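Okay, here's what each chain looks like letter by letter:
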Amino acid sequence: MFRNWRIGSVNGALLAAYFIPVWTLVAFSIIVAPVHGLYERPSVAVALYLSDHLQMAGMDTVRAAWLLALGRLTVVAFFVIYLALLCIPRTRKSGGSDEALGIALAIGSLLSFASMVMASKVGEMAALRLHATELLLLLGAAIVLVIEKPVAPPKTVEAGAPPNLQPASLQPASLQPLALEQAELLHNR
């Protein structure tokens, strides 16, 4: 059963097992109560940066919180799509699910990096450690995804003669010579 699992597939599944529940809970707490959810531990650095450095007021802070929640839910959605594609053995073997994982890693890395920079600007050390850890997880998975290539399908060689040596009756219609075919030469245009 686990013979065709690549390291990148297992790594992506483990990342999805962490990011789907954690980021969903954070996003839903922001959606339910935007200001209260924004000032909880995972998003407090963004909230402090928005209020202190950008001096955003009421509704602008709520809009920024909803935008952050939308970004987190987008990452969660791509991780869910990745897990759904990972359940199909043919897609898993060929690496067809890597695109969804790559999008989740790119958007998640961008959010974690921005949150980490904001946490360092406001001096929130616990949030800085959290976002740096999430960023390192995402970047490590991206490196594994880039380095590890999917297994190439085995090449099969046909034992038959090449198409130009087969009788005309056995050749496909696209390879049969035309009845009035003429050679094209430069002076014959």
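Bear in mind that the values here come from a model prediction, so they are computed numbers and not experimental data.

Visitor: Teacher, can you tell me more about the pattern of salt bridges here?
Guide: For side chains of opposite charge, pairing can occur when their charged atoms come near one another. Evaluation of the coordinates by the stated rule reveals four salt bridges. Across the pair Arg6 and Glu148 runs a salt bridge whose closest N-O atoms are separated by 4.0 Å. Of this pair, Arg6 sits in the segment before helix H1 (7-32) while Glu148 is found in the segment after helix H7 (125-147), placing the two residues 142 residues apart along the sequence. With relative accessibility at 21%, the residue Glu148 sits in the partly exposed group. Salt bridges linked by common partners bring Arg6, Asp98 and Glu148 together as one network.

Visitor: Which parts of the structure should I look at to understand a nonpolar patch on the surface?
Guide: Together, Tyr18, Val22 and Leu137 make up an exposed nonpolar region whose accessible area comes to about 210 Å². Mapped onto the elements, Leu137 comes out in helix H7.

Visitor: Looking at this model, I keep getting lost on the nonpolar core. Mind explaining?
Guide: In globular proteins that are soluble, nonpolar side chains generally tend to be buried together. Ranked by size, the top nonpolar core spans 17 residues in total, and within it Leu15, Phe19, Phe79, Leu101 and Leu105 carry the most contacts. At the level of elements, H1, helix H4 (58-86), helix H6 (98-122) and H7 are the ones that each hand at least two residues to this core. Contact partners of Phe79, with chain neighbours within four places excluded, come to Gly12, Leu15, Ala16, Phe19, Ile20, Leu101, Ala104, Leu105 and Leu138. Ile30, Val46, Leu50 and Ala65 belong to the second-largest nonpolar core, a separate cluster that totals 12 residues.

Visitor: Even after reading the chapter, I still don't get the side chain of Ser9, so can you show me in this structure?
Guide: Note that Ser9 resides in helix H1. For Ser9, a relative accessible area of 0% puts it in the buried group. For Ser9, the residues in contact, after removing those within four places along its chain, are Tyr82, Leu86 and Arg92.

What counts and how
- Sequence order as written defines the numbering, with residues in each chain counted from 1.
- Totals for whole chains, interfaces and linings use all residues, but because this is a predicted model, local features are given only for residues with pLDDT of at least 70 and pairs of side-chain atoms are given and counted only at 80 or more.
- Computation of side-chain values covers all heavy atoms of the structure but excludes hydrogens and water.
- Each reported salt bridge corresponds to a side-chain nitrogen of Lys or Arg within 4 Å of a carboxyl oxygen of Asp or Glu.
- Note on conventions: DSSP H or I runs of at least 4 residues are helices, E runs of at least 2 residues are strands, and numbering of each starts at the N terminus.
- Relative accessibility decides the category of a residue: with a 1.4 Å probe and only protein chains considered, values under 20% of the type maximum give buried, values over 50% give exposed, and everything between is partly exposed.
- Residues enter patches when they are more than 30% accessible in relative terms and free of salt bridges; like-charged ones are connected within 9 Å and nonpolar ones (Val, Leu, Ile, Met, Phe, Trp, Tyr) within 5 Å.
- Note on areas: Shrake-Rupley with a 1.4 Å probe; residue coverage comes only from the protein chains shown.
- Nonpolar core, defined: a set of buried Ala, Val, Leu, Ile, Met, Phe, Trp, Tyr and Cys residues in which side-chain atoms within 4.5 Å join the residues together.
- Any two residues whose heavy atoms approach within 4.5 Å at even a single point are treated as in contact.

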